[in-house]
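# Coordinate analysis (summary)
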Amino acid sequence: MNTLYIDKDGILSDNDFTVTDDDGEDVFRVVICNSGKEIIVTLYNMSGETVSVIRSKSSPASPKYNIFFGEAICAVVSSRFSLFSADVKIDSVNGAFTVNGNCSAPAYSLYNNGKMFGSIAKKWFDSGAAYCITTCADENTAFFVSIVLAVELCVKKLTL
C-alpha cells in the first residue's frame, strides 16, 4: 500500500502542484497547461522525467480525458452529470474499472477487474484539506494518481 496526498487547492486550480507522501516528501510534480481549448496535465517524477500526460478531449456536457504513458493511451476517463453526482466511466487497456462511491465528494474506491485498485478521500490537516490517495500496489501508484487527476478534471468541468 502506498498513501499520497494532493493539496485540495492545487487540484481545483489551474496552478502546478506536487503530490506528497506520508513524510511530506514530494513524489510527483503536476504541471497544468490550460489553453482554453485543451487541458494538458503532465505528471513528472522528482527526477524531472515525464511519467504520464493527460489530455482533454472534451465537450462541455461530456468531458473526456486520455491518459498517456509514453505514446500509448492507457486509459480514457469520461463523465456526464447525473442528478446527484458525476457519473464517471474509466476505459483502460488494464481491464475493466468500476467506481464505488461519490466522485464529487471525493470519496470513492476504484476496482480493476473486481479487485480493489485504490481509494481517495478528503483528509483535513491544520493547514487545510488534502485528498488522501491510497493505492493497493506500489507499482500502480503513477497510474492511479493519473486516473484520480483525470476524474477530478471531469468533475471540475461538469461543475463549472
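To start, this report covers the structure provided alongside it. Position labels on residues start from 1 in each chain and follow its written sequence. Local features in this predicted model are restricted to residues of pLDDT 70 or higher, and side-chain atom pairs are both shown and tallied only at a pLDDT of 80 or more, whereas totals for entire chains, interfaces and linings draw on every residue. Where side-chain values are given, they derive from all heavy atoms of the structure, hydrogens and water being excluded.

Moving on, we get to the packing of aromatic side chains. Any pair of Phe, Tyr and Trp rings, taking the six-membered ring for Trp, is counted once the centres come within 6.5 Å. Such a pair is stacked with planes under 30 degrees apart, edge-to-face with planes over 60 apart, and tilted for the rest. Within this structure, the stated rule accounts for five aromatic pairs. With a centroid separation of 5.2 Å and 90° between ring planes, the pair formed by F97 and F117 is classed as edge-to-face. Placement of the pair is F97 in strand β9 (residues 97-102) and F117 in strand β11 (residues 115-125), with a sequence separation of 20 residues. The same class applies to F97 as to F117, namely buried. Seen in terms of ring centroids, F117 and F143 are 6.0 Å apart; in terms of plane orientation they differ by 85°. Their pairing is edge-to-face. Strands here are runs of E lasting at least two residues and helices are runs of H or I lasting at least four, both read from the DSSP assignment and numbered beginning at the N terminus. Throughout this description, buried means an accessible area under 20% of the type-specific maximum (1.4 Å probe, protein chains only), exposed means over 50%, and partly exposed covers the range between.

Moving on: the nonpolar core. Core analysis: the largest hydrophobic core is formed by 39 residues, its most contacted members being I147, L149 and V151. When residues of this core are assigned to their parent elements, the largest contribution, twelve residues, is made by helix α2 (residues 141-159). Contact partners of I147, with chain neighbours within four places excluded, come to I67, I90, F97, L110 and F117. Buried Ala, Val, Leu, Ile, Met, Phe, Trp, Tyr and Cys residues form a nonpolar core when they are joined through side-chain atoms within 4.5 Å. Working rule for contacts: check all heavy atoms of both residues, and any pair within 4.5 Å makes them a contact.

Let's shift gears to a negative patch on the surface. Taken together, the side chains of D22, D23, E25 and D26 make up a negatively charged region of the molecular surface. Secondary-structure assignment places D22 in the loop between β2 (17-21) and β3 (26-34). Given the relative accessible area of 54%, D22 is considered exposed. Residues enter patches when their relative accessible area tops 30% and they take part in no salt bridge; the joining distance is 9 Å for like charges and 5 Å for the nonpolar side chains Val, Leu, Ile, Met, Phe, Trp and Tyr. Shrake-Rupley sampling with a 1.4 Å probe provides the accessible areas, and residues are treated as covered by the protein chains on show and by no other component. Only one rule defines a salt bridge in this text: a Lys or Arg side-chain nitrogen within 4 Å of an Asp or Glu carboxyl oxygen. Charge convention: Lys and Arg are scored as positive, Asp and Glu as negative, and His as well as the terminal groups of each chain are ignored. Where a charge lies is defined by one atom per residue type: Lys uses NZ, Arg uses CZ, Asp uses CG and Glu uses CD.

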